[in-house]
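Here's the letter readout for the chains.
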Amino acid sequence: MHNNSFLAIRSRNTLASVRSDYIIALVPAVIWSIWRFGLNAIVLIALACVSGTATDAILKSIKLKKISLPSVYTLYTSLIFALILYSETHYLIAIIGATLTTLFIHLSGGEGRSLFFAPVVSRLFLICAFPIQFSVPTDLPASFFKAGILPDATTFDLILGTASGCIGTVSAMAVVVGGIYLLLVKHTNKLSPLAYILTVFLLFFFFPIIEGRGMESASFEILSSEILFICFFVLTDFSVFSLSAAARIAYGVFSGLLTFIFFRCGEVENACFLAVTISAAFTIAVNKLYFIIRYRKNEK
Amino acid sequence: MRIKGGLYTGEYWNADVTNSADISPSASSVTLSAYNDKIIVKEGDWVSIGDPLTKHMKAHASVSGRVISAKHNRIIIENDNNYNRSISVRPFNKRLSDASFDDISGHIAKLGIMSNGQLLYDDILTQKGSAKILLVSCSDTAPYISYEHINMSSNSTSLVYGAKIIAKSLGVTNVVFCIQKRYKNAYNEFILNIEKQKNMSVLIHSSKYPADKNVFLSKQFAAQNRKLKAKFKLDDFFYIKGSVCTEVFEGFKTGCPTVKKNIIITGPAATNPCYVNVPVGTSIKEILELTGNTISEKTSLTLDNSISGTAATVDSAIGKENSTILMSEAQDIISNTSCVSCISCHKACPINLYPMVFLEGKAADLHKCIECGCCSYVCPSKIDILSHILNLKQEKEKNKNAQ
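Residues numbered from 1 in each chain as written. Chains lettered and ligands numbered in written order. Predicted model: local features only at pLDDT ≥ 70, side-chain atom pairs only at ≥ 80, totals over all residues. Heavy atoms only, no water.

**A short note on the sheet that holds strand 3 (residues 29-33) of chain B**
Residue and element names in this part refer to chain B. To keep things clear, this is the line we draw: Note on pairing: two strands pair once DSSP finds at least 2 bridges between them. Only DSSP runs of H or I reaching four residues or more are called helices, and only runs of E reaching two or more are called strands; each is numbered from the N terminus.
As summarised here, the arrangement of the four strands in space is 3-6-5-4, forming an open sheet in which the pairing is antiparallel. In this open sheet, the two edge strands, each paired with only one partner strand, are strand 3 and strand 4 (46-47). Where strand 5 (residues 65-71) and strand 6 (residues 74-79) come together, six bridges link them in antiparallel fashion. The residue bridging R66 from the neighbouring strand is E78, located in strand 6.

Okay, here's the thing in structure tokens:
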């Protein structure tokens, strides 16, 4: 029997190096959030990162019965959680949310085991449990748009990030720069984000909020809400890679469809996150079916 | 006897950057594998170099001397340093053009040459008639050179004639030598010589991943020959290493089976990288001592290549199929060994399989796996996927036999 456990020649990529690329991709968004929102952003990010990684270290130490360092993935998810908060959000939400995020990761079996993106799930839970402490701004551009009124913010404001929104997602430019970096280092799953953006664009184009302004509706929706952020950082989580190509496309399309429905019928601040979480459940089922069929065919 | 060898140092094989080792081609004793064949010698028997030790010629004495042990699939011979050659060793005495399939295959059977983990003779019998192209691989596992390189430069004639013999035994007319693109300029002369030969050609192939195997090479050949509009199937190709072709030729020329191997000692922990010619069955400890290579507690030894090679200890012996001792520092494996579903292994797999599924014990596509080790190489979690696959294959085989 071959025993390869001493093989020392391996690719230089480690989990830490791959995740570091994702954190590097978030740097433009972090820099912009600090520049735009100042001390609040710094405190939220710092509190989330510290509490998330501390929770990971504690849980790992309990599990392995020795002192363990937190993983880079926990730092990444804690940072993501911080970036999808608002600048006026209570600091305690950052601490609780990051802790819940790490707990969720551990309960689901670790990195890449769950299609439900932990920071998004934590955010949804907390915004329902503590709506006041979340301090959702009243001047979100998407809220105006949903009411059929053109907001004061222009397309340029949305691209640059001078309008209102989550601290990390407010600047479309910062998010896209990070996304381009991920594309260059070849860590992205392109199918789901493309399917998602295309679905959202087409739905808002053909069924615009403001009659006769399909192009504006579609582009505004993409720039003003968290769609770009979700494309580059949520739909590219490792767990999505394990899906078949068909399942990945289905994930993107279904997320887009639900985003459209929730935006029209629900609260704009939760539309994208809720859409992605619910479509994850649907996609898990599709993917399981695909592998059952594939392997049943091969076993025959 | 001075022998030159060295480490791969740059884009091209630089024969000037070498380390040489004076090595006396003897060993105090040799440990030979019987390859699960029936052992026909017993303790106390005296054997000569080239004497068959097993019923189906899988093992031959590589030194002359007394048999100390002949059990548990191993034969240990104490070397008397007399270099007595067996009387059964006789060169092949016919012209290749006049020789029949039975003549050639019979001689190959007597030589007991191993290829792809089994007797070359068995391989030829299986694929005679169905193979249309002989693929001779002169590639190796990057970044360390193997004997294939030295073979191309110092034994090019033996390599070519050996390939002709195998082609004749298979009834195949087309012979293709596969060389990695990055070595193309270093072996220009060899390539030009091949292209002058009738029915011989060279396939320059890219090598994105460390290991190349027959399926990958076949696909590359098929991709580069689309103009011929021929549809190639895997069974059309017979795959063989260049060093095996050389062994075949030497065996036909001298009549002696493979009793000595050219072994490259290389790797980041090799204090004196070189290549040596030693009897089959020499222990790694003796080879390293004779070549002046020191090992520490942290040194790990691998036979053959860094991806699908075999872990070895200093007491392991060189087998007929081995050609490299890779000395490396054993890395501390990162503690996270659980799969994160990044599907880097799927992207690396030349057969487009999902190796991570094998980690869960699912074996539906297992038979398609060619054990190239690319999945283990790229895994960021440093999971030894290839070991899992090999264990799973063994289990499947056991269950099949049990039924």
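**Considerations on the nonpolar core**
Condition: Here, the term nonpolar core denotes a set of buried Ala, Val, Leu, Ile, Met, Phe, Trp, Tyr and Cys residues that are joined through side-chain atoms within 4.5 Å. Per-residue accessibility, obtained with a 1.4 Å probe over protein chains only, is compared with the maximum for each type, and a residue is labelled buried under 20%, exposed over 50%, and partly exposed between these values. Note on contacts: a residue pair qualifies if any of its non-hydrogen atoms lie within 4.5 Å across the two residues.
Counting residues in hydrophobic clusters, the biggest one holds 84 residues, and the most contacted among them are A:Y76, A:L83 and A:F233. Of the residues forming this core, the biggest block, ten residues, is contributed by helix 1 (residues 15-37) of chain A. Every residue in contact with A:Y76, bar those within four places of it in the chain, is listed here: A:R19, A:Y22, A:I23, A:L26, A:F117 and A:F233. Of all hydrophobic cores here, the second largest spans 37 residues; its members include B:F92, B:L120, B:I166 and B:V172.

**Quick notes on a nonpolar patch on the surface**
All names here are of chain A. Note the threshold: Patch building starts from residues that exceed 30% relative accessible area and form no salt bridge, then joins like charges within 9 Å and nonpolar side chains (Val, Leu, Ile, Met, Phe, Trp, Tyr) within 5 Å. Under the convention used here, a 1.4 Å probe and the Shrake-Rupley method define accessible areas, while residue burial counts only the protein chains that appear. The term salt bridge refers to a pairing of a side-chain nitrogen on Lys or Arg with a carboxyl oxygen on Asp or Glu at a separation within 4 Å.
A cluster of nonpolar side chains, contributed by L198, L202, F205, F206, F207 and M215, occupies part of the molecular surface with about 630 Å² of accessible area. The greatest single-element share of the nonpolar patch, amounting to four residues, is contributed by helix 10 (residues 191-206). We classify L202 as partly exposed; its relative accessible area is 41%.

**Describing the confidence of the model for chain A**
Formally: As a per-residue measure, pLDDT reflects the predictor's confidence and takes values from 0 up to 100.
Chain-level pLDDT for chain A is 83 on average; 92% of the residues reach the 70-or-more range. Across chain A, the element-wise mean pLDDT spans from 72 in helix 13 (residues 238-241) of chain A up to 93 in helix 4 (residues 91-107) of chain A.

**Quick word on the pattern of salt bridges**
Counted according to the given criterion, the structure contains six salt bridges over all chains. A salt bridge links B:D103 to B:K94, with the shortest nitrogen-to-oxygen separation between them at 2.9 Å.

**So, the packing of aromatic side chains**
Residue and element names in this part refer to chain A. Put simply, the test is: Note on aromatic pairs: the rings of Phe, Tyr and Trp (six-membered ring only in Trp) are paired at centre separations within 6.5 Å, and the planes decide the class, stacked below 30 degrees, edge-to-face beyond 60, tilted for the rest.
Per the counting criterion, the structure on display carries 14 aromatic pairs over all chains. For the ring pair Y86 and F134, a centre distance of 6.4 Å and an interplane angle of 80° mean the geometry is edge-to-face. Here F134 lies in helix 6 (residues 131-134) and Y86 lies in the loop between helix 3 (72-83) and helix 4, a separation of 48 residues in the sequence. Here Y86 falls in the buried class, since its relative accessible area comes to 1%. Overall, F134 belongs to the buried group, its relative accessible area being 0%. Between F204 and F260, the aromatic rings sit 5.1 Å apart at their centres with planes inclined by 80°, giving edge-to-face as the arrangement. In this pair, F204 sits in helix 10 while F260 sits in helix 14 (residues 245-265), placing the two residues 56 residues apart along the sequence.

**A look at the side chain of A:T55**
For A:T55, the position within the fold is in helix 2 (residues 39-64). Beyond its immediate chain neighbours, meaning those up to four positions away, A:T55 contacts A:T99 and A:T102.

**Some remarks on the sheet that holds strand 10 (residues 174-180) of chain B**
Residues and elements named next belong to chain B. Rules: Only C-alpha atoms enter the line fits that serve as axes; for helices the fit covers just the stretch in contact. Angles between N-to-C directions range over 0 to 180 degrees.
Taken in spatial order, the four strands of this open sheet run 11-10-9-12, and their pairing is parallel. With partners counted over all chains shown, the strands left at the sheet margins are strand 11 (200-205) and strand 12 (237-241), one partner each. Looking at each pair of strands side by side, their axes are set apart by 25° on average, direction ignored. Pairing of strand 9 (residues 133-137) with strand 10, which is carried by five bridges, proceeds in the parallel orientation. Within strand 10, the position partnered with L134 by the bridge is V175. Contacting strand 9, strand 10, strand 11 and strand 12, helix 4 (residues 156-170) crosses the sheet at an angle of about 150° to strand 9.

**Observations regarding the pairing of strand 15 (residues 299-303) of chain B**
Residues and elements named next belong to chain B. The buried fraction of strand 15 is high, at five of five residues. Where strand 15 lies against strand 16 (residues 310-312), three bridges are found, and the strand directions are antiparallel. Within strand 16, the position partnered with L301 by the bridge is A312.

**Some points on helix 14 of chain A**
To keep things clear, this is the line we draw: Take the number of residues in a helix, subtract one, and multiply by 1.5 Å to get its expected span.
Relative to the 30 Å expected for 21 residues at 1.5 Å per residue, helix 14 of chain A spans 30 Å between its end C-alpha atoms, a close match to the ideal helical length. Listed in full, the buried residues belonging to helix 14 of chain A are A:A247, A:R248, A:Y251, A:G252, A:S255, A:G256, A:L258, A:T259, A:F260, A:F262 and A:F263.

**Side note on the pairing of strand 6 of chain B**
Residues and elements named next belong to chain B. Across five bridges, the pairing between strand 3 and strand 6 is antiparallel. If you follow V30 over to strand 6, its bridge partner there is I77. Hairpin remark: strand 5 followed by strand 6, antiparallel, with two residues in the connecting loop; positive phi at H72, about 55°.

**Quick notes on the side chain of A:T89**
Residue and element names in this part refer to chain A. Heads up, the rule is: Polar contacts here mean pairs of N or O atoms no more than 3.5 Å apart (in protein, one a potential hydrogen donor and the other a potential acceptor; neighbouring residues in sequence count only if both atoms are side-chain atoms).
One can find T89 in the loop between helix 3 and helix 4. Separated by 2.9 Å, the side chain of T89 and the backbone oxygen of F134 make a polar contact. Once you skip the residues sitting within four places of it in the chain, T89 turns out to touch L44, Q133, F134 and S135.

**Thoughts on the packing of helix 2 of chain A against helix 3 of chain A**
Residue and element names in this part refer to chain A. Counted only if it meets this: We call a crossing left-handed when the near helix sits turned anticlockwise from the far one by less than a right angle, and right-handed when that turn is clockwise.
Running from N to C, helix 2 and helix 3 point in directions that differ by 145°, and their axes come no closer than 8 Å. Classified by chirality, the crossing of helix 3 by helix 2 is right-handed. Seen from helix 2, the contacting residues are L44, I45, A48, C49, G52, T53 and D56; seen from helix 3, they are T74, L75, S78, L79, A82 and L83.

**Section: the environment of B:L301**
Residue and element names in this part refer to chain B. Looking at the element boundaries, L301 is found in strand 15. Linking L301 and A269, residues 32 residues apart in sequence, is a C-alpha distance of 9.4 Å. Residues within four places of L301 in sequence aside, it is in contact with I284, L288, T310, A311, A312, T313, V314, I325, L326 and M327.

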